[in-house]
Amino acid sequence: MESLKEKINIGKIPRHVAIIMDGNGRWAARHGVERSFGHEHGVEAVRSTVEGAGEIGVEYLTLYAFSTENWKRPKSEVNALMRLLVQAIENETGELMKKNVRLSAIGDLKKLPRDVVQKLNECIQTLENNSGLNLILALSYSAKWEITEATRKIASEVMKGNISQNDIDEKMFGKYLTTAEIPDPELLIRTSGEYRLSNFLLWQIAYAEMYFTDILWPDFRKENLFEAVFDFQNRERRFGKTSEQLFT
Ligand code: IPE
Ligand code: IPE
Ligand code: MG
């Protein structure tokens, strides 16, 4: 049987895929274990997805790992997630190096515990000269926070006279976002059967294709990524034009 990967058109790979990794808690409940085990198993899904993205030549993969709103979870769960983050970064750096992955992070990183930031920076530094997949972790991230921050920075530049208010356009606004150097995602995936964006990349996904799957994040594997990419490739992206215009 032809595998899904072979059905993918290598000439039409989304440059940037963003994923809302959801459903760890429900996965844990289904297996009769604590929520933190769900998060732990989520790391395997990340490993497989990163590998798959590299195999088909995705350039940027952004993973929503922790939202600004997630700080409102019980302290014990937040702590477990932070511990897991440190552990996962420590354990995976070698593998990421082998896969030629570069790492970066977006979000209100100063809210993260010191050891998390430290491990994260170490890992980013170790991988900084790699030239393969760009893996971006969204940590303590929310789109409204990001857009507000950008606005604040632009206002301050205008006040200082460094830029004029007439210089502000979509392109320049984008330069003040945490994703300044990154092309907008073309494909957004959310697992666990929820149909919402939960404050993720609102500006950048203005024209992304959405893909929702019932699979819970810990069960997600690269084959599921290939499925999503295959689905993406069979859509007609019109960007406001008519279908006829696309072919003339
Ligand atoms: C996603 O899984 C992980 C984070 C948000 C950190 P959840 O923990 O949200 O899992 P559910 O939605 O409760 O199943
Ligand atoms: C979104 O998932 C955030 C992450 C995946 C990190 P949530 O589980 O926190 O989102 P809601 O609460 O269902 O909107
Ligand atoms: Mg959830």
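Look up: the structure comes first, before these words.
Note that the structure is a prediction, hence the values are computed from the model and not measured.

Trainee: What's the story with the site of ligand 2 in this structure? I'm lost.
Mentor: Around ligand 2, the structure places Ile 20, Met 21, Asp 22, Tyr 64, Ala 65, Phe 66, Ser 67, Asn 70, Arg 73, Arg 190, Arg 196 and Ser 198. Here an oxygen atom of ligand 2 sits 3.4 Å away from a polar atom, N or O, in the side chain of Arg 190. In the complex, the protein chains occlude 78% of the 390 Å² of accessible area that ligand 2 would expose alone. Taken atom by atom, the bulk of ligand 2 overlaps the largest pocket. Of the residues forming the shell around ligand 2, the biggest block, four residues, is contributed by strand β2 (residues 60-67). Of the residues that constitute the shell around ligand 2, the class distribution is five nonpolar, three polar and four charged.

Trainee: Mind showing me how you'd approach unusual backbone geometry here?
Mentor: Generally, phi is negative for residues other than glycine and the peptide bonds are trans, each holding for most cases. Even without being glycine, Ser 140 reaches a positive phi, approximately 50°. Its location among the elements puts Ser 140 in strand β4 (residues 134-141). We note that Phe 239 has phi near 50°; this positive angle belongs to a residue other than glycine. Structurally, Phe 239 is set in the loop between α8 (222-233) and α9 (243-246). Overall, Phe 239 belongs to the partly exposed group, its relative accessible area being 45%.

Trainee: What is the right way to read the site of ligand 1 from this model?
Mentor: In the vicinity of ligand 1, the contacting residues are Met 21, Asp 22, Gly 23, Asn 24, Gly 25, Arg 26, Arg 35, His 39, Ala 65, Asn 70, Arg 73 and Leu 81. Between an oxygen atom of ligand 1 and a side-chain N or O atom of Asp 22, the distance comes to 2.9 Å. Between an oxygen atom of ligand 1 and a side-chain N or O atom of Arg 26, the distance comes to 2.7 Å. Starting from 380 Å² of accessible surface for ligand 1 in isolation, the protein chains cover 86%. Assessed atom by atom at 2 Å from the grid points, ligand 1 resides in the largest pocket. Only α2 (24-30) and α3 (35-56) provide two or more residues apiece to the shell around ligand 1. In terms of residue count, the dominant contributor to the shell around ligand 1 is α2 (three residues). Of the residues assigned to the shell around ligand 1, the class counts are three nonpolar, five polar and four charged.

Trainee: What is the right way to look at the pattern of salt bridges in this model?
Mentor: Opposite charge on two side chains makes pairing possible when the charged atoms of those side chains draw close. On inspection of all chains with the given rule, the structure shows 26 salt bridges. We note a salt bridge from Asp 22 to Arg 26, for which the minimum N-O separation is 3.4 Å. Relative accessible area serves as the criterion here: at 17%, Asp 22 is assigned to the buried category. Taking the relative accessible area as the measure of exposure, Arg 26 reaches 31% and is therefore partly exposed. Note that Glu 55 is salt-bridged to Lys 222, the shortest N-O span being 2.6 Å. Linking Glu 55 in helix α3 with Lys 222 in helix α8, this pair joins segments that are 167 residues apart in sequence. Judged by relative accessible area, Glu 55 falls into the partly exposed class, the value being 36%. Three or more residues joined by partner-sharing salt bridges are found here, namely Lys 5, Glu 51, Glu 55, Glu 95, Lys 98, Lys 99 and Lys 222.

Reading the values: rules and limits
- Residues numbered from 1 in each chain as written.
- Chains lettered and ligands numbered in written order.
- Predicted model: local features only at pLDDT ≥ 70, side-chain atom pairs only at ≥ 80, totals over all residues.
- Heavy atoms only, no water.
- Near = heavy atom within 4 Å.
- Polar contact = N/O pair within 3.5 Å; in protein donor to acceptor, adjacent residues only side chain to side chain.
- Areas by Shrake-Rupley, 256 points an atom, 1.4 Å probe, with all protein chains shown as cover.
- 1 Å grid on protein atoms, 1.4 Å probe; cavity = no way out; pocket = protein on both sides within 12 Å on 5 of 7 lines; lining within 4 Å.
- Sits in = over half its atoms within 2 Å of the grid points.
- Helix = DSSP H or I, 4+ residues; strand = E, 2+ residues; numbered from the N terminus.
- Nonpolar A, V, L, I, M, F, W, Y, C, P; charged D, E, K, R; others polar.
- Buried < 20%, exposed > 50% of the residue type's maximum accessible area, 1.4 Å probe, protein only.
- Salt bridge = Lys/Arg side-chain N within 4 Å of Asp/Glu carboxyl O.

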